[in-house]
Amino acid sequence: MTEHSAELAATLGAPVLRVRDHRDLPAALAGLPAGTPLHLGFTDRIWGADPAAAADAVRRTCAGRDATVTLHDVPQPSDGEISFRARADCYRAVSSAASAVVVASHHERLLLGEAGIDHAPTVIPLPLPDLPEAAEPALPGLDAAVAVFGFLYPGKGHAETVDALALAGIGGVSSPAPGHAGGPGLVALGECSEGHEDLADDLIARGERCEVRVAVSGYVPAGRLGADLEAAAVPAAPHRHVSASGSIAAWISAGRRPLTAENRYTRELAERWPGTVTLVADGDWPEAIRRAWTEPATTRLGTVPRWGWAEVCTAYRRFWIAGERIAAPVTGNRWDLLDGVTSPRPPRVDVVVIHYRDPGRLALVLDALAAQTHPAGRLRVIVADDGSPDPPAVPEGVTLVRQEDRGFRAAAARNLGAAAGDGDVLVFVDGDTVPEPGFVTAISRLPSVAPEAVVVGRRRYARLTGPGADPETALPDPQWLVDGYRDTRNLLDADDRAYRYVLSSVLACSRTFFEELGGFAGDMVGYGGEDWEFGWRAWQAGALLAHEPEAVAWHDGPDFGARSTDDPAAALATKNAETLALAGRITEPGARPGGVVSARPDLAVTVTGADDEAAVLLTASAVLAGADCALAVPGPVPVLLAADPRVHAHAVPAGIVDGVRAEITLEAGVAPTPGALAEAASRTNRCGLADVGLVVDGRRAGRLATRRGRARVERWGAPDPERDATLGLSGWWIAEPRLEAHFGGWGR
C-alpha cells in the first residue's frame, strides 16, 4: 500500500504528507491550507492497531475535507469469520467517510458488495510497473526453480507448491537449466511478513520431508528484481485468495507468464490482458508445473501490455475530475455516453481571451464573462494580448499577459494565456466573440468529466452594439459549418477530416490534455489554421471531438467568407497561405495534393514476408504510386528504388513513424489500388478501432494500426474490444512477379 501511494504521488508530482504513525496525522493536517483535497491509501493493518481503530483514524482524517481513498487488502471470507466481520465494518466506515473510493479490481469491487459495502467504487487496476534495470546478477539457482514472488505469509501458497512439486514426478526429467537434472526446487522470492518469521524454517522443513529443494531469498533489492524474475525457470502465483496482486503484475512486467491459481481475480486478469497468465485449477498444479518445466516457452510473453504508472495516473486524474461517476472508458468517439454526467463540483475554468488593438469589443467580451452562470469563484479570465501598441485596460481580477508584436500569432498568444492559469478546464474565446451567460457552463461540462474531450461551441454572428445579441437580427451561420455539424451529429460521427469543424474562438479542453498535446502550434504565424492544426493533433492523440450547440457566443460581424467579398483577391491569398501552412502539418489526404513527396508522410508501410526481390519491388511500387507514405522493405533497398527518399531498408525511421496517421504491414505480393491504404486508415478510425487485419480477396494481406486508435488504447490500458477485426483492402494478389509484364502493363 505505501509503495503504491508513494509511486502514485511521485508520478503525479503531488505532495505527500508523511508521518511515522497515524496518530501524528491531526497535527500534520492542521498545517494544510483549508480546502486542500486529500487522497488516502488504506489498509486496516497500517492505519490502526485493529480495524475499529483504523476506521476511527480515517474518519478523523476525512472530517470536513474532500478526501478520496484507494482501498487495499479488502476483506473477504478467507480472513476468518470474526476477522472478516470486523474488517468489513472497518471498510464500510472508511468508504462512508470518503467522498469517492478506488479499488484495484472488479473482484475487489464484488468483494465489497458481498460484504455489504455498497459504495460503487471505481476500478483502477494495479500498474504493470517498469522494472529497474538489473544492477546485479540473479540469485543463483533460480534457473532450476519454481519461484513464488512476494512476502511469505500464511495462505500465500508456498506450502502447496512444495506439495505439487513432490507430486509432479519430474525428478528425472531433463531440465532446461544445465546441471539440474534432478527437477526443480522452490525459491520463495521475498522475505517473511512481519510476525511470520518462522515460516521460512517451516517451509524448508516441509521441503526436506517431501524431498524438494527449498530456498528463501529474503529481501529482493530493486537492482536485482528484474534479473530474478527473468531467470526463474517457472514463475508461479499460487495464492488462492488474492484480491489484487502486485506480484503477478511484476511477473507480467518482466515478460513472464506466471502459473496462477484460478479464481475470480486471475480470470479477470486473463480477460483484461489475454495470454498474460496461465490459470491453474485446484489439483492441476503438479501437471501445470511439469508442463512449464518441460516447455519453458509457455512461461514467456511476446509483448507486455502497456499499463504503467503513467496510464494509472491518467485514470486517477479522470477519477478525480469526474468525481467517480464514470465506470468505464468511452470507446471510439462516443461522448454521448456521458450525456447528463457532471462533475460533483463545477470545474475550475480558465477562460483565455486573445486580443489585438480592439479594446471596445474586448470590453463587451469581458462584461459577458463577468455575467456567466458558472460560479465566479471557480472562473478565471485571462486576456492574452498579441502585441497591441498599448496594453488593453482590464477590470480588477482579470489577468493580462502580453507578447511582442511579431505578426499574427494567435496560437502563441493562446499558449501564453493558458500558461498563466491553473484551472482544470481551459476555454478559449476570441476578443470579438461575446459569450452568452451559460456559455462556460455548457462548454466546460464534457472536459470536466472526460479529460481527453475537445469541445467546440456554437459561434453565431451579428452586428453587436452592446453586451447581448438580438437573434432577430442575427447574420446567417456559415452553411458549411451548419451542414458539417448536422451530418456528423454534432461531431459524434467525427472522422479524420473532422478537424475542419474545430474553431478556436469557441473551444474547450482539459488542461491535462492541452499540456499532453503541447498546446497550439506556437510557431504558426499568419491568419487562420491554428485551430484546424490543433484539432488534427487532438484527434490523432485520441480526443473525443464534440460540438456543444448550447455553448453560444456571438461574433461581431460576419464570418471570414462573408467578409471576403470586400477584397476577394486578398481573401484568396490569405486562404491559400493558410492551406499551404496546414498541408505540411496535416497528413490526411484532403489537406494536401496527391503526388507530392512530403517530409511528414501520411502512412508508414513495411513490406514483409518474401525473399523474392521482384515481389517486394512490385508491392513497393504499387504502394508508392498510390499512397502518401514512407516505406520500408525487407533487406537492402532494391536498386530501382534506391534514389527514392521515401524508401528505407528494414524499418521506417522512428522520427517519421511518430508523425504518421497509421502504420501498415503488407505481405510482399500484394498490390493495393491507389488510395486504398489511406481509405483503410480512415475507415479504421471511423469504426473506433485501433488495430485491424487487412484482407485482399479473402486472404490475410497485412495489418494496420492507427495512431488515434493506439492512443486511446494506451490512455485507458484496455485492449481494443475488436482485436480480431479485419478490413477488406481494395487490391489484388500478384499471381506471378514477372517484372516485364507488370512494367509493360499487361501483368497482374
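To start, this report covers the structure provided alongside it. From a predicted model like this one, the values you see are computed outputs, not experimental measurements. (Residues numbered from 1 in each chain as written. Predicted model: local features only at pLDDT ≥ 70, side-chain atom pairs only at ≥ 80, totals over all residues. Heavy atoms only, no water.)

## A look at the pattern of salt bridges
Move 1: Here the structure, examined in full by the defined rule, presents 43 salt bridges.
Move 2: For Asp 282, the salt bridge identified is with Arg 240, shortest N-O distance 3.6 Å. Here Arg 240 lies in the loop between β8 (234-237) and α10 (246-253) and Asp 282 lies in the loop between β10 (278-280) and α12 (285-294), a separation of 42 residues in the sequence.
Move 3: Exposure remark for Arg 240: the relative accessible area of 44% places this residue in the partly exposed category.
Move 4: Each of the salt bridges in this network shares a partner with another, and the network as a whole consists of Asp 44, Asp 79 and Arg 87. (Salt bridge = Lys/Arg side-chain N within 4 Å of Asp/Glu carboxyl O. Helix = DSSP H or I, 4+ residues; strand = E, 2+ residues; numbered from the N terminus. Buried < 20%, exposed > 50% of the residue type's maximum accessible area, 1.4 Å probe, protein only.)

## A word on the side chain of Glu 533
Move 1: For Glu 533, the location among the structural elements is in helix α19 (residues 530-540).
Move 2: In contact with Glu 533, other than residues within four places in its own chain, are Ala 521, Met 524, Leu 582, Arg 585 and Ile 586. (Contact = heavy atoms within 4.5 Å.)

## Things to note about the state of the cysteines
Move 1: All told, the structure shown has zero disulfides when counted by the stated rule.
Move 2: Cysteine Cys 509 shares no disulfide, and the gap to the nearest cysteine sulfur, in Cys 313, comes to 20 Å.
Move 3: Residue classification places Cys 509 among the buried positions, given a relative accessible area of 0%. (Disulfide = S-S within 2.5 Å.)

## Describing empty space enclosed by the protein
Move 1: With the rule as written, the count across this model stands at four cavities of 30 Å³ or more.
Move 2: Volume-wise, the largest cavity comes out at about 50 Å³.
Move 3: Lining of the largest cavity is provided by Pro 125, Leu 126, Leu 128, Ser 245, Ala 249, Tyr 265, Leu 269, Arg 272 and Trp 273.
Move 4: Looking at the lining of the largest cavity, the element that brings in the most residues is helix α11 (residues 264-272), giving three residues.
Move 5: Of the residues in the lining of the largest cavity, the class split is seven nonpolar, one polar and one charged.
Move 6: If you trace the second largest cavity, you find it lined by Phe 408, Arg 409, Ala 410, Ala 411, Met 524, Val 525, Gly 526, Gly 528 and Glu 530.
Move 7: Of the residues assigned to the lining of the second largest cavity, the class counts are five nonpolar, two polar and two charged. (1 Å grid on protein atoms, 1.4 Å probe; cavity = no way out; pocket = protein on both sides within 12 Å on 5 of 7 lines; lining within 4 Å. Points joined across faces, edges and corners; volume = space filled by probe spheres on them. Nonpolar A, V, L, I, M, F, W, Y, C, P; charged D, E, K, R; others polar.)

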